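# Close look at the chain arrangement
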Amino acid sequence: MQLYFAPLACSLATRIALYEAGFDAGFVEVDLKHKRTLAGGDDFFAVNPMGQVPVLRTDSGELVTENSAVLQYVADQAPHAGLAPAAGTMDRVRLQQWLSFIGTELHKGVFTALFDPRSDAAAKSYARSKVDARLTYLDKHLVDREFLMDRFTVADAYLTTVLLWTLATGITLDAFPNLLAYRRRMMDRASVQKAISIERPLYQAEQQRDAAPAAAAAG
Ligand SMILES: N[C@@H](CCC(=O)N[C@@H](CS)C(=O)NCC(=O)O)C(=O)O
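Right, let's talk about the domain arrangement of the protein for a bit. The parts lose accessible area when they come together, and the size of an interface is often stated as this lost area. Under the domain assignment used here, the protein contains domain 1 (2–81 + 191–205) and domain 2 (90–189). Computed from C-alpha atoms alone, the centre-to-centre distance between domain 1 and domain 2 is 20 Å. Taken together, the contacts link 20 residues of domain 1 with 19 residues of domain 2. The contact between domain 1 and domain 2 buries some 1600 Å² in all, and 60% of this surface belongs to carbon and sulfur atoms. Across the contact surface, domain 1 and domain 2 share two salt bridges. Asp 76 is the salt-bridge partner of Arg 92, the closest N and O atoms lying 2.9 Å from each other. The set of elements that each furnish at least two residues to the side of domain 1 that touches domain 2 consists of α1 (12–21), α2 (67–77) and α8 (190–218). Here the element with the most residues in the side of domain 1 that touches domain 2 is α2; it accounts for six residues.

In structure tokens form, the structure reads like this:
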């Protein structure tokens, strides 16, 4: 398997899942700004016409896009890791419910507008107005719970990734003690630590690359 990823983007969730599953996957860094693979300079639109990560190339060469589908695909290849309940069960529906909530209500509904340099102050303020209700919902769910479900699943990998973004966007979890404790627990997990320790330097390098032309122009 091969994961097309961008540093500390939502594709981090799939990297975490791949580590949890113990898969020896390949990783292809994508320059999302220029829609090219970083190493080869290949056109990323040829891989995903939406120009978005994650994309997973399966061992048989299929390309899978969309976080929810990619994460469930990885989980289904690794039944030993228990990253998703069995297909066709009510528990699997609950997992899909969480993946949809994280993907639509948090990732796209809140953080896309906060990160996108093209979204204006009004769009950012609208996105921020949605934060409290969503974090309150999660905080209540996590009372006396270690994970979103009975054990670590790909939904936790995705939520952990999104909660990492609260740090970059100045969203404090102080009013949400259960969620704060959950984020700390997840950050202590070996797969999460490994994923972040690999992607953080890549993220810093990306920031420097993006700043370089502006600095050159200013200088
Ligand atoms: N609907 C997609 C959204 C993925 C997405 O938003 N990826 C971001 C990184 S977190 C991206 O590639 N952004 C670049 C772009 O939209 O041009 C999914 O759920 O996988």
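From this point, the narrative continues.
This paragraph deals with the sheet that holds strand β4 (residues 55–57). Here five strands make up an open sheet; going across it, the order is β3-β2-β1-β4-β5 and the pairing mixed. The strands lining the two open edges of the sheet, one partner per strand, are β3 (36–37) and β5 (63–65). Here β4 pairs with β5 via three bridges, running antiparallel. Counted as the bridge partner of Val 55 is Thr 65 from β5. Across the sheet, α1 is in contact with β1 (2–5), β2 (26–31) and β4; its angle to β1 comes to roughly 155°. Lying over the sheet, α2 contacts β4 and β5, oriented at roughly 125° with respect to β5.

Per the counting criterion, the structure on display carries six salt bridges. The salt bridge partner of Arg 118 is Asp 116, with a shortest N-O separation of 3.0 Å. Overall, Arg 118 belongs to the exposed group, its relative accessible area being 75%.

With that settled, the discussion passes to unusual backbone geometry. Leaving glycine out, the prevailing phi sign among residues is negative, and the prevailing peptide bond configuration is trans. Of note, the amide linkage connecting Val 53 to Pro 54 takes the cis form, showing an omega dihedral of 5°. Unusually for a residue other than glycine, Leu 8 sits at a positive phi of about 60°. Inspection of the secondary structure puts Leu 8 in the loop between β1 and α1. The phi dihedral of Asp 144 is positive, around 60°, even though this residue is not glycine. Its place among the elements puts Asp 144 in the loop between α5 (131–141) and α6 (154–169).

Our focus in this paragraph is the layout of surface pockets. Space inside the largest pocket adds up to approximately 1400 Å³. Ala 9, Cys 10, Leu 32, His 107 and Phe 115 are, among the 42 residues lining the largest pocket, the residues nearest its centre. At the level of secondary structure, the elements contributing two or more residues to the lining of the largest pocket comprise α2, α3 (90–115), α6 and α8. Take the lining of the largest pocket: its biggest share by element is nine residues, from α3. When the residues that make up the lining of the largest pocket are grouped by side-chain class, the tally is 19 nonpolar, 13 polar and ten charged. Structurally, the lining of the largest pocket is a two-domain feature, drawing no fewer than three residues from each of domain 1 (2–81 + 191–205) and domain 2 (90–189). Taken as a whole, the second largest pocket encloses approximately 270 Å³ of empty space. Lining the second largest pocket are 15 residues; nearest its centre among them are Pro 85, Asp 91, Arg 94, Met 149 and Asp 150. Of all the elements in the fold, those that place two or more residues in the lining of the second largest pocket are α3 and α5. Of the residues forming the lining of the second largest pocket, the biggest block, four residues, is contributed by α3.

Attention now moves to the environment of Thr 14. With respect to the helices and strands, Thr 14 occurs in helix α1. Under the relative-accessibility criterion, Thr 14 is labelled buried at 0%. Separated by 181 residues in sequence, Thr 14 and Ala 195 have C-alpha atoms that sit 9.6 Å apart. Contacts of Thr 14, omitting those with residues within four sequence positions, involve Leu 3, Pro 54, Leu 56, Val 70, Leu 71 and Val 74.

Here is what the cut-offs are and how they apply
- Residues numbered from 1 in each chain as written.
- Predicted model: local features only at pLDDT ≥ 70, side-chain atom pairs only at ≥ 80, totals over all residues.
- Heavy atoms only, no water.
- Domains from an automatic or database assignment.
- Contact = heavy atoms within 4.5 Å.
- Buried area = accessible area lost by both parts, 1.4 Å probe.
- Salt bridge = Lys/Arg side-chain N within 4 Å of Asp/Glu carboxyl O.
- Helix = DSSP H or I, 4+ residues; strand = E, 2+ residues; numbered from the N terminus.
- Pairing = 2+ DSSP bridges.
- Axes fitted to C-alpha atoms, helices over the stretch in contact; angles between N-to-C directions.
- Buried < 20%, exposed > 50% of the residue type's maximum accessible area, 1.4 Å probe, protein only.
- 1 Å grid on protein atoms, 1.4 Å probe; cavity = no way out; pocket = protein on both sides within 12 Å on 5 of 7 lines; lining within 4 Å.
- Points joined across faces, edges and corners; volume = space filled by probe spheres on them.
- Nonpolar A, V, L, I, M, F, W, Y, C, P; charged D, E, K, R; others polar.

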